[in-house]
Structure formats: structure tokens, C-alpha cells
Amino acid sequence: MQPLLVIDSHTGGEPTRVIPDGLSLADLEKWRRAIICEPRGHEVIVGALLTPPKHATSAAAVTFFNNAGLLGMCGHGMIGVIATLHHLGRIQPGVHEIETPAGTVAATLHPDLRVSIRNVLSWRKAAGVKAGGVTGDIAYGGNWFFLCADHGLALTKANIRELTEASLAIRSAVHEAGFPEVDHIELLGPPENAENHGRNFVLCPGGEYDRSPCGTGTSAKLACLAADKKLAPGAIWRQESIIGSVFEGSYENTEDGIIPTVTGRAFVTAESTLHFHQDDPFQKGL
């Protein structure tokens, strides 16, 4: 493995590590953990491999991955990708199509460098699902979520360990209830800031929690709000994360679900060259 340039950013506190060149999709699984996990990173980082797009109208294609495997889509990661492409001088403010395994996403880079992601089709699959002593909804927003509000836990930073343990148990119960596709758990609660509409704690597939409000999780939440007719098309929902960062979301109706739009801001934090020494016993990561 040759030295590899990566660009790090964070979106609402959640890190993204973009690989702009130098790695093929075929070799991604071989080096996935080496790139984002210890000793070169940590378990919470989401990676984003840029590859040439299939369509001339697209600015790039991206494959997202984390410590557990590949992701269909990643909202905070897409915002980080757009910020990184701008940082590299590859795009300017405007609308850009980005190809993902879940479908093509339209991303608007605003003049103030906020990013709006017009996400893939999202919908609620099932409501009122009972699992592990709680009741919630199964919804898709680019990834599969179980969303519940009756967990009885305070959504505070002091409770992160308890929230993580509870979410892991809930996920196992959701699988046993017949929904093996669910790999994200989203615990819901009231916001700390009265300017916002809700707060969440999102457990990701590899057991880490999302520092951001989670773009695909916000999309799943919008799908549930739309299904319950609690939010009108075009109205803004301000979703607060467990650390207090905020995404703004809205949606358009379709016959099969909704098309959500999620807006946030990412900041480039580092450019690094990763090295993979042949005699390093942890060359492939921990």
C-alpha cells in the first residue's frame, strides 16, 4: 500500500475522512479499517472513497464506510464530502450531483458554505413496533433506523454510556422482532434549545454514537413526521444532536414516500498522508 492522502472534516462534530485519490473500490475492504480505525484514526470516523462517476452530469461518486463495513448513504458524510471537494478546488457554490450506492444525491453548496443534501427516497416501513420493552417506528432514510421516544432515558452527554448500552440491547430486540435490516437506533427526545424541534441519540452500526444529528437519521425522522402528518411539506424541522449540533430538514411528498433535504455545515480539519509500513504488525488497523 502506497502512502495515501486523506482530508479530514467534521460535520456537527461527526468526523469524515475523504480519500480523494489513490485507492480503488476493489481494494477498499482490504484497507478499510487501516484507514479509519486505530492506530491511524478511531472507531467513530466515517470514510468516504471518491471514485469517477458513471454519469457525465455527476461531480463524483462516493462510497461511505465505517468500522463495521459499507454504508448505503451518509448525510453528515456527504456534507463533509462537499466541503472537501470545495477545499480541493473541484467544485464551487451551486448544485452538484453525487452518486452513492443508495442512489444519486443532489448537494447544494451555498455561498456561505452550508450544504443542503437532497437525499434519496425515504419512507416509514412500520409504525408501533414493540421490541425490548420500547415501541418505535422502522424507517429508511438512506440507512435503516428504529426510532423510539419511550426509552425513558435523558438525552444528555452524561448519559452516553447508558444510551449506548440501551441502544445495543434495543437493536438486538428489533432484529429478533423480525427487522434484521435495521442497523441504526435513534432515540428521540425534547430539545435542550427551544429554537429546535427535537433531539436525538443515534447508535451507528459499529457501536459508536453519531456526534451530529445524523443526516440519514434526520431523513428517517422526517419520513415518520410526514406519515403521521405532524410536519407539512416544505416546513423546517430543526434536529438537535446529543452534543447540541443542529441539522435543518424538510421534505417533498412523492407517491412512494418523501424526498428529504438536510442542511448543515462541515469544516475541514486536516490534510494527512497515511503510511502503511510492511513490517508494521498493525498495518491493517485494529
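Look above for the structure.
To start, this report covers the structure provided alongside it. (Residues numbered from 1 in each chain as written. Predicted model: local features only at pLDDT ≥ 70, side-chain atom pairs only at ≥ 80, totals over all residues. Heavy atoms only, no water.)

### Looking at the overall build of the protein chain
Across its full length, the protein chain carries four helices and 17 strands. Since a compact globule built from 286 residues should have a radius of gyration of about 19 Å, the 18 Å found for the protein chain is in line with a globular shape. Out of the 286 residues in the protein chain, the part that is buried amounts to 55%. For the protein chain, the accessible surface area stands at approximately 12,000 Å², while carbon and sulfur atoms represent 51% of it. In the protein chain, which carries 23 positive and 31 negative side-chain charges, the distance between the mean positions of the two groups comes to 1 Å. (Helix = DSSP H or I, 4+ residues; strand = E, 2+ residues; numbered from the N terminus. Rg over C-alpha atoms; globule rule 2.2 N^0.38 Å. Buried < 20%, exposed > 50% of the residue type's maximum accessible area, 1.4 Å probe, protein only. Areas by Shrake-Rupley, 256 points an atom, 1.4 Å probe, with all protein chains shown as cover. Lys, Arg positive; Asp, Glu negative; His and termini not counted. Charge placed at Lys NZ, Arg CZ, Asp CG, Glu CD.)

### Overview of the environment of Asp-27
Along the chain, Asp-27 falls in the loop between strand 2 (14–19) and helix 1 (28–36). Measuring from C-alpha to C-alpha, the distance between Asp-27 and Gly-136 comes to 38 Å, with 109 residues separating the pair along the chain.

### Overview of the packing of aromatic side chains
A complete count under the given rule lists five aromatic pairs for this structure. When the centroid spacing of 4.8 Å and the interplanar angle of 35° are considered together, the rings of Trp-123 and Tyr-140 count as tilted. Here the residue Trp-123 occupies a position in strand 9 (residues 123–131), and Tyr-140 occupies one in strand 10 (residues 134–140), the gap between them amounting to 17 residues. By relative accessible area, which is 30% here, Trp-123 ends up partly exposed. Residue class for Tyr-140 comes out buried when judged on its relative accessible area of 14%. Between the aromatic rings of Tyr-140 and Trp-144, the centroid separation amounts to 5.1 Å while the plane-to-plane angle is 55°, which identifies the pairing as tilted. Taken together, the ring pairs in this structure connect Trp-123, Tyr-140 and Trp-144 into an aromatic cluster. Of note, Lys-125 hangs over the ring of Trp-144, and the distance from its end group to the ring centre comes to 5.3 Å. The cationic tip of Lys-284 hangs over the ring face of Trp-31; the distance from NZ or CZ to the ring centre is 5.0 Å. (Phe/Tyr/Trp six-rings, centres within 6.5 Å; stacked < 30°, edge-to-face > 60°. Lys NZ or Arg CZ within 6 Å of the ring centre and 35° of its normal.)

### Here we look at the nonpolar core
Within the largest apolar cluster, 50 residues are counted, with the highest numbers of intra-cluster contacts made by Phe-64, Ile-138 and Phe-146. At six residues, the largest contribution of residues to this core is made by helix 2 (residues 75–87). Apart from the residues within four sequence positions on either side, Phe-64 is in contact with Val-46, Gly-47, Ala-48, Leu-70, Leu-71, Met-73, Cys-74, Gly-77, Met-78 and Val-81. With 15 residues, the next largest nonpolar core counts Val-6, Leu-23, Leu-28 and Ile-45 among its residues. (Core = buried A, V, L, I, M, F, W, Y, C linked by side-chain atoms within 4.5 Å. Contact = heavy atoms within 4.5 Å.)

### Focus on the pattern of salt bridges
Enumeration over the complete set of coordinates arrives at 14 salt bridges. Residue Arg-90 pairs with Asp-21 through a salt bridge whose shortest N-O separation is 2.8 Å. Here the residue Arg-90 occupies a position in the loop between helix 2 and strand 6 (94–100), and Asp-21 occupies one in the loop between strand 2 and helix 1, the gap between them amounting to 69 residues. Relative accessible area serves as the criterion here: at 48%, Asp-21 is assigned to the partly exposed category. Across the pair Asp-112 and Arg-114 runs a salt bridge whose closest N-O atoms are separated by 2.8 Å. Judged by its relative accessible area of 42%, Asp-112 falls in the partly exposed class. Look at Arg-114 and you get partly exposed, because its relative accessible area is 33%. (Salt bridge = Lys/Arg side-chain N within 4 Å of Asp/Glu carboxyl O.)

### Notes on helix 3 (residues 160–176)
An ideal rise of 1.5 Å per residue puts 24 Å on 17 residues; helix 3 measures up with 24 Å between its terminal C-alpha atoms. Every buried residue of helix 3 is listed here: Ile-160, Leu-163, Thr-164, Ala-166, Ser-167, Ile-170, Arg-171, Ala-173 and Val-174. Residues of helix 3 that are buried in the fold lie against strand 9, strand 10, strand 11 (144–148), strand 12 (184–189) and strand 13 (198–203). After helix 3 finishes, the residue Gly-178 shows a positive phi value of roughly 105°. (Expected span 1.5 Å × (residues − 1).)

### Description of unusual backbone geometry
Look at the link from Glu-38 to Pro-39: it is a cis peptide, with omega at 5°. Its place among the elements puts Pro-39 in the loop between helix 1 and strand 3 (46–51). Phi is positive for Leu-113, which is not a glycine, with a value near 75°. Tracing the backbone shows Leu-113 in the loop between strand 7 (103–109) and strand 8 (115–118). Positive phi, close to 70°, is recorded for Cys-214, a residue that is not glycine. Considering the arrangement of structural elements, one finds Cys-214 in the loop between strand 13 and helix 4 (215–227).

### Regarding the pairing of strand 16 (residues 258–264)
Most of strand 16 sits out of view: six of its seven residues are buried. The pairing of strand 8 with strand 16 spans four bridges and is classified as antiparallel. Of the residues in strand 16, the one forming a bridge with Val-115 is Gly-264. In terms of strand pairing, strand 15 (residues 246–253) meets strand 16 through six bridges, oriented antiparallel. Along strand 16, the bridge assignment pairs Asn-253 with Ile-258. (Pairing = 2+ DSSP bridges.)

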